[in-house]
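Read off the chains here:
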Amino acid sequence: MNTKKCAILMAGLFAGAIGLSACDSPTWNAEGAIFTYTDAQGNRVAYTAEDLLNDYRQDGTSLSTEFDHVYEVLIRNYYEDPSQATVLAELEQNATAAVLEDRQTAETNAESNGTSYEEEFESILDAAGVDNIDELFQHHLYEEEQQRFQQDLEQNFGTGNNSVNGVDAMRDGEYTIDGETYEAFPESEKWGLGNDGWLKEQMPYHFRHILVQLSSGVSKEYTQDKISEPTAVDEGGEATDLANVVIALAGARVVDNADGTRSLQALQGNDRWSFGRIANVYSDDSGSAAAYGDSGIVTKVMENDYVPEFKLGAYAFESLYNARNKESTYGKENAYRITPGLREDAEVGENGVITAEMIDENQTIDVGGVEKTIYEFFNDFNKSEGDASNKSGIGQIPFGAAIALLEEGKVQQDNDGNPVNNSVDTFFPRNVIYNKYFNHHNICVITPNEIATNSIGDIVDTTHTWEDFMTVQDGKVTKEDYNGIYNADFGALPGFQVNTQNVLPEFEHNVLTNDKGQIVLAVRAGSDSYQGIHFIVIERSGLSEYGQTLDSNNQVIENTAPVENEDIATLSEYYTTATPSMSRYPTYTVDGEKESKTTYVNFNNSSTTSQTERADEVSNLITSYNTNLSSYNFQRLVENGSIEFADKQVEQEMETYVQTSRQAKRDTDFNNWSNNWKAYAEMLAAQEQARAFGEGTGTGYLISEICAVDYQTQNIAGIWDVNGACYYPTSGAAA
């Protein structure tokens, strides 16, 4: 043993535990073994202090904890035992192949980068934390051994009962033997925190989405963002694309009539485009577009998977605004897990009610001079008339705004041919309409309402004039509507036929749903790589235990128990780790024949290869969601007698470390979670402040829709005069 490794051992928790007086002379306890391990086949391996020294991994990488050290020696000595000779030979072959692959990678990189093989191979050694090829082999061998050991445990979760699937137990947080249910990760006085399994701890959601990318969009530009639109009549653009997506989602299209007018036509039955087809045709996210909008699985623990507007916006909708979740038992019990602004130790309240004790009073933001907790901020639902920002809660986009974009998108001059406001493009009608109705970073739904601009077009059949939506006095707008007025023709479109009152009772009329009856959520979002608007549907909610059904009243209801002989998977079944070719894959019966249920694994997917990849994806997410999963394995092996400690001091220190590491992991995850919510809340507060600036005075940064209306009517007195509503009320416009 070299002095470096000796120093590591002496410095790390481990030396005191086994009574080391010097690195080359370990002190043995009376029995000679610190602990023993007995596998499911009855093979017994003893581990001594000398083993813990001599079998320390020879790859130059220090293990960070005593637990890591003991766990590694447990695994490595297990495979050194003669009973595992055949398995070890297989794992050594795999490790050798991995080394050869590393060498091939070095050769390829050297040729691509114009460097030497030696330089590239040294980089690979550095990345693995090793000094030479022998240590690299040992590095890969331990990876293989650790994976195999984990797989063996997962086969029956260390129970010795082959009816138990270990990955499913980790997914569900429980398993059943002979009719009795056991917790998979119980809390322990000795070992510390338990957890409820992947489904509840990580709240997986399966989304589909359509992205309309905005090439001119600017991050955090809440009032004067821009969208493109070519001037040629037969060319498309972002305004047209945005309009076409919304219109198609509603089950409609705009047709040209013989008299030169245009009208809105409802599409019935098979003529209506599915969400997947719309995504395939229009979405600017090429990956999900090819998969008909499929966005994959999103969980709490994933970092940088989706922008906060998408992920946290959907979580806010599900936990705060979706009334159906507050009524269903599973939703009441678990919504707090994704609710913004709750304490780390928050647990479900009585009947699912959020109590003051659950709210984190330390997480606050300033909202217009008022200090609010994060929970209060997101729970501040407000859809009152005249509200420019829709506050922090759920917003609404009138369907008529899409029609207005289609009609006014290419307008850049008035009826006399004069450039719109000296060609200041923030005043182009498409940008005025877009900023007012679509540029929301809080999650929105789409309502069957018309807007003021619809009164000057020819597509919408309306009896309203712009005066029904706003009031102009002395050239200034003293009252402006931001939510629109219900239009019966819009309400009759297929996309507004599903009864959504049990989800959003605050809305007088149904909101937009797709061809499957799923509510369409919309949000303005962006990152360093794109800016755009997402249209989102929740394919499977983490708060839906038994799935949903469309009832006789055309209302989507939450099932309260498993549904027999229908293609409705439970939440556990939806995230199966099996493929349809396996006997344990969820099925239902039709005319006496078994059929495969629709799950994440086979969703829109009949390829055997792809189904296997998706089943593996689910399995990998489950087995990797918590870095302390190995500690639960170890705890279970100790508690069921597979591991027996002769040295009680080592056992106690292992328990102490596991307690500490589990709490540290929970603290870290919670801090990241709460800080992400706070950052998102601060973004929305900034949006609210920007949109509300000068509201009702005609001098705010959000340009009034009256400006877009007047490009066509040219009869609204005073709005273009100095200090009028449309007289350059922006910080960026030239005087």
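Residues numbered from 1 in each chain as written. Predicted model: local features only at pLDDT ≥ 70, side-chain atom pairs only at ≥ 80, totals over all residues. Heavy atoms only, no water.

**Some thoughts on the overall build of the chain**
Link 1 in the chain: Assigned secondary structure in the chain consists of 24 helices and 23 strands.
Link 2 in the chain: By residue count, 53% of the 735 residues in the chain fall in the buried class.
Link 3 in the chain: Contacts spanning at least 24 positions in sequence make up 65% of the contacts within the chain whose residues lie at least 6 apart.
Link 4 in the chain: Of the roughly 31700 Å² that the chain leaves accessible, carbon and sulfur atoms contribute 43%. (Helix = DSSP H or I, 4+ residues; strand = E, 2+ residues; numbered from the N terminus. Buried < 20%, exposed > 50% of the residue type's maximum accessible area, 1.4 Å probe, protein only. Contact = heavy atoms within 4.5 Å. Areas by Shrake-Rupley, 256 points an atom, 1.4 Å probe, with all protein chains shown as cover.)

**Section: the layout of surface pockets**
Link 1 in the chain: Put simply, the largest pocket is a space of about 1400 Å³.
Link 2 in the chain: Taken together, 48 residues make up the lining of the largest pocket; nearest its centre are Glu201, Lys300, Arg337, Asp669 and Trp673.
Link 3 in the chain: Listing elements by their share of the lining of the largest pocket, those giving two or more residues are helix 9 (198-202), helix 13 (308-321), helix 15 (329-334) and helix 23 (648-692).
Link 4 in the chain: The element best represented in the lining of the largest pocket is helix 23, accounting for eleven residues.
Link 5 in the chain: Of the residues that constitute the lining of the largest pocket, the class distribution is 19 nonpolar, ten polar and 19 charged.
Link 6 in the chain: Empty space within the second largest pocket amounts to approximately 860 Å³.
Link 7 in the chain: Around the second largest pocket sit 31 residues that line it, and Gln146, Gln147, Gln150, Glu154 and Thr623 are the ones nearest its centre. (1 Å grid on protein atoms, 1.4 Å probe; cavity = no way out; pocket = protein on both sides within 12 Å on 5 of 7 lines; lining within 4 Å. Points joined across faces, edges and corners; volume = space filled by probe spheres on them. Nonpolar A, V, L, I, M, F, W, Y, C, P; charged D, E, K, R; others polar.)

**Description of the packing of helix 10 (residues 238-249) against helix 11 (residues 275-282)**
Link 1 in the chain: Two elements in contact, helix 10 and helix 11, have axes whose closest approach is 10 Å; the angle formed by their N-to-C orientations is 165°. As judged from the angle between their axes, helix 10 and helix 11 are roughly antiparallel. Classified by chirality, the crossing of helix 11 by helix 10 is right-handed. Where helix 10 approaches helix 11, its residues Asn244, Val245, Ala248 and Leu249 are matched on the opposing element by Phe275, Ile278 and Tyr282. (Axes fitted to C-alpha atoms, helices over the stretch in contact; angles between N-to-C directions. Parallel < 35°, antiparallel > 145°, perpendicular 65-115°, else oblique. Left-handed = near helix turned anticlockwise from the far one by under 90°.)

**Section: the environment of leucine 267**
Link 1 in the chain: Positionally, leucine 267 belongs in the loop between strand 7 (262-266) and helix 11.
Link 2 in the chain: Residue class for leucine 267 comes out buried when judged on its relative accessible area of 11%.
Link 3 in the chain: C-alpha separation for the pair leucine 267 and glycine 251, spaced 16 residues apart in sequence, amounts to 5.3 Å.
Link 4 in the chain: If we ignore the near neighbours within four places in the chain, the residues touching leucine 267 are Gly251, Ala252, Arg253, Arg272 and Pro494.

**Observations concerning the nonpolar core**
Link 1 in the chain: Counting 50 residues, the largest nonpolar core has Phe317, Tyr321, Phe378, Leu504 and Trp677 as its most contacted members.
Link 2 in the chain: For this core, the elements supplying multiple residues, two or more each, are strand 5 (205-213), helix 13, strand 9 (364-367), helix 16 (374-379), strand 17 (521-526), strand 18 (531-540) and helix 23.
Link 3 in the chain: At eight residues, the largest contribution of residues to this core is made by helix 13.
Link 4 in the chain: Dropping the residues within four chain positions of it, phenylalanine 317 is found in contact with Asn322, Ile394, Ile443, Val503, Leu504, Ile519, Leu521 and Ile538.
Link 5 in the chain: Formed by 43 residues, the second largest nonpolar core is a distinct cluster that contains Ile247, Ala402, Ala522 and Phe535. (Core = buried A, V, L, I, M, F, W, Y, C linked by side-chain atoms within 4.5 Å.)

**Let's talk about the pairing of strand 22 (residues 593-596)**
Link 1 in the chain: As paired strands, strand 21 (residues 587-590) and strand 22 are joined by four bridges and run antiparallel to one another. Across the sheet, the residue bridging to tyrosine 588 is glutamate 595, located in strand 22.
Link 2 in the chain: Between strand 21 and the antiparallel strand that follows it, strand 22, lie two residues; aspartate 591 among them carries a positive phi value of about 50°. (Pairing = 2+ DSSP bridges.)

**Quick notes on the sheet that holds strand 8 (residues 294-298)**
Link 1 in the chain: Read from one edge of the open sheet, six strands run 8-5-18-17-12-11, paired in mixed fashion. Looking at which strands have only one partner, the edges of the open sheet turn out to be strand 8 and strand 11 (395-398). Each strand of the sheet is rotated relative to its neighbour by a mean of 40°, with strand direction disregarded.
Link 2 in the chain: Summarising the sheet, strand 17 and strand 18 pair through six bridges and their orientation is antiparallel. Among the inter-strand pairings, valine 523 is bridged to a residue of strand 18, identified as histidine 534.
Link 3 in the chain: Docked against the sheet, helix 10 engages strand 5, strand 12 (444-447) and strand 18, running at close to 140° with respect to strand 5.
Link 4 in the chain: Most of the contacts of helix 11 go to strand 5, to which it runs at about 40°, and overall it touches strand 5 and strand 18.

**Considerations on the packing of helix 17 (residues 399-408) against helix 18 (residues 429-437)**
Link 1 in the chain: At a minimum axis distance of 9 Å, the contact between helix 17 and helix 18 shows a crossing angle of 165°. Put simply, helix 17 runs roughly antiparallel to helix 18. For the crossing formed where helix 17 meets helix 18, the hand is left-handed. Between helix 17 and helix 18, the residues in contact are Ala401, Ala404, Leu405 and Glu408 and Pro429, Arg430, Ile433, Tyr434 and Tyr437, respectively.

**Some points on the sheet that holds strand 1 (residues 35-38)**
Link 1 in the chain: Spatially, three strands are ordered 2-1-23 in an open sheet, and the strand pairing comes out antiparallel. Where the open sheet ends on each side, the last strands, each with one partner, are strand 2 (44-47) and strand 23 (643-645). Across the sheet, the mean angle from the axis of one strand to that of its neighbour is 15°, orientation sign disregarded.
Link 2 in the chain: Bridge count for strand 1 against strand 2 is four bridges, and the pairing is antiparallel. Bridging across to strand 2, tyrosine 37 finds its partner in valine 45.

**Section: the environment of glutamine 224**
Link 1 in the chain: Turning to its location among the elements, glutamine 224 is positioned in the loop between strand 5 and helix 10.
Link 2 in the chain: On a C-alpha basis, the gap between glutamine 224 and lysine 436 in space is 9.3 Å, while along the polypeptide they are 212 residues apart.

**Points about the state of the cysteines**
Link 1 in the chain: Using the criterion set out here, one finds one disulfide in the structure.
Link 2 in the chain: Put simply, cysteine 707 and cysteine 726 are joined by a disulfide, and their sulfur atoms are 2.0 Å apart. Here cysteine 707 and cysteine 726 share a disulfide; its torsion about the S-S bond, -105°, makes the bridge left-handed. Taken together, the residues cysteine 707 in helix 24 (residues 705-713) and cysteine 726 in the segment after helix 24 connect sequence positions 19 residues apart.
Link 3 in the chain: The buried category is assigned to cysteine 726, whose relative accessible area is 0%. (Disulfide = S-S within 2.5 Å.)

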